[in-house]
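As a plain string of letters, each chain reads:
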Amino acid sequence: MAQPIELKLPPRDPKQELLARLEQAPAEHAAALLDSYELLQELHEHGVFTLIRGALGATDKMVEAASAGANLAEAIRAMRNAIVLGKMLGSIDPEILQGTAEAVSQTFGNAKSVAYEPPSLFALFTGFASRDLRRGMGLIHTFLRNLTYQWKIRTDPNRGK
C-alpha cells in the first residue's frame, strides 16, 4: 500500500522576509529613493510641510469656519445654483453644446475680426431671407417665450392659490 509523503515546510517568518526586502530596497530602488529625497527637500524648502502641519493643527477651526460659511444664505443659493446648472448642462446634448461653443468661437473668438460698423438696414433685411437666420431667430424666440413663461409662473403672486 502507498505511503503518504510527508511535506514539512519550514515555518515562515514574515518579519524576517520584510527585513530582507528592506535591506535590498536601497540597491533595487536607488534612483527612486534619490528622487524622493530631492522631492522631500524641495517640499521642505518651500514650507509645504509647515503649512500641512499648521492645517492639521487647525482642523477644528477650519471645519468651524467652513460650516459657518456654508450656512450663509449666499452660499446656500450658490450651491443650489450650481446643482441647477449641473442639471441644465447634463440635459443638453453634447453635440448641440459643441455647436454652440463653435458658433460663439467663430463669432467672438478673434476680437480683431469683429465688425465695429453696424450692418446697414438693407443688409439686415436681406439677411432675413436666409433660412438659417430665420431658424436661429425662431430658436431665440422660443427660448425667450419659455423664459418669460418661467419668470411669470415664479413671480405670480396668485401662483399657489
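The shown structure was predicted, so the numbers you read here are calculated from the model rather than taken from an experiment.

Asks: Any chance you could explain the overall build of the protein here in plain terms?
Replies: Helix and strand counts for the protein stand at eight helices and zero strands. Its helices and strands taken in sequence order, the protein reads α-α-α-α-α-α-α-α from the N to the C terminus. For 161 residues, the compact-globule formula gives about 15 Å, and the C-alpha radius of gyration of the protein, at 34 Å, lies well above that figure. Taking the principal axes of the C-alpha coordinates as reference, the protein spans close to 100 × 60 × 45 Å. Within the protein, buried positions represent 0% of all 161 residues. Separation between the mean location of the 18 positive side-chain charges and that of the 18 negative ones in the protein comes to 18 Å.

Asks: What's the story with a nonpolar patch on the surface in this structure? I'm lost.
Replies: The grouping of Leu-121, Leu-124, Phe-125, Phe-128, Leu-133 and Met-137 at the surface amounts to a nonpolar patch, some 590 Å² of accessible area in total. For the nonpolar patch, the secondary-structure elements that each account for two or more residues are α7 (121-127) and α8 (131-155). If you tally residues by element for the nonpolar patch, the top one is α7, at three residues. Examined against the element boundaries, Met-137 turns out to sit in helix α8.

Asks: What is the right way to read the environment of Ala-103 from this model?
Replies: Here Ala-103 lies in helix α6 (residues 94-108). Ala-103 sits 45 residues away from Thr-148 along the chain, and the two C-alpha atoms are 25 Å apart.

Asks: For this particular structure, what's the right way to read the confidence of the model for the protein?
Replies: One rule of thumb: low pLDDT means the predicted coordinates there are not for detailed reading. When pLDDT is averaged along the protein, the result is 87, and 94% of the positions lie at 70 or above. Across the protein, helix α2 (residues 30-45) holds the top mean pLDDT of 94, while α6 sits lowest at 85.

Asks: Explain a negative patch on the surface here, please?
Replies: Negative charge collects at one region of the surface, where Asp-35, Glu-38, Glu-42 and Glu-45 lie side by side. Along the chain, Glu-42 turns up in helix α2.

Asks: Where do I start with the packing of aromatic side chains in this structure?
Replies: Aromatic rings in a pair are described by how distant their centres are and how their planes are angled relative to each other. Overall, the coordinates contain one aromatic pair when judged by the stated rule. Measuring from ring centre to ring centre gives 6.3 Å for Phe-125 and Phe-128, while their planes differ by 45°; the resulting arrangement is tilted. Classification of Phe-125 by relative accessible area gives exposed; the value is 58%.

Here is what the cut-offs are and how they apply
- Numbers given to residues run from 1 along each chain, matching the order in which its sequence is written.
- For this predicted model, a pLDDT threshold of at least 70 governs which residues receive local features, and a threshold of 80 or more governs which side-chain atom pairs are given and counted, while totals over whole chains, interfaces and linings are taken from all residues.
- For side-chain calculations, the full set of non-hydrogen atoms in the structure is used, while hydrogens and water are omitted.
- The secondary structure listing takes helices from DSSP runs of H or I that are at least 4 residues long and strands from runs of E that are at least 2 residues long, numbered from the N terminus.
- Just to be clear, the radius of gyration here is over C-alpha atoms, and the globule rule we use is 2.2 Å times residues to the power 0.38.
- In this scheme, a residue with accessible area under 20% of its type's maximum is buried, one over 50% is exposed, and one in between is partly exposed, where area comes from a 1.4 Å probe on protein chains only.
- The sign given to each residue is positive for Lys and Arg and negative for Asp and Glu; His and the chain ends receive no count.
- Charge placement uses NZ in Lys and CZ in Arg. For Asp and Glu, CG and CD serve respectively.
- Exposure above 30% relative accessible area and the lack of any salt bridge qualify a residue for a patch; like charges then connect within 9 Å, and the nonpolar side chains Val, Leu, Ile, Met, Phe, Trp and Tyr within 5 Å.
- What sets the accessible areas is the Shrake-Rupley method with a 1.4 Å probe; for residues, cover comes only from the shown protein chains.
- What counts as a salt bridge is simple: a side-chain nitrogen of Lys or Arg found within 4 Å of a carboxyl oxygen of Asp or Glu.
- On a range of 0 to 100, pLDDT expresses the predictor's confidence in each residue.
- Under the pairing criterion, centres of Phe, Tyr and Trp rings, with the six-membered ring standing for Trp, must be within 6.5 Å; the plane angle then separates stacked pairs below 30 degrees from edge-to-face pairs above 60, leaving the rest tilted.

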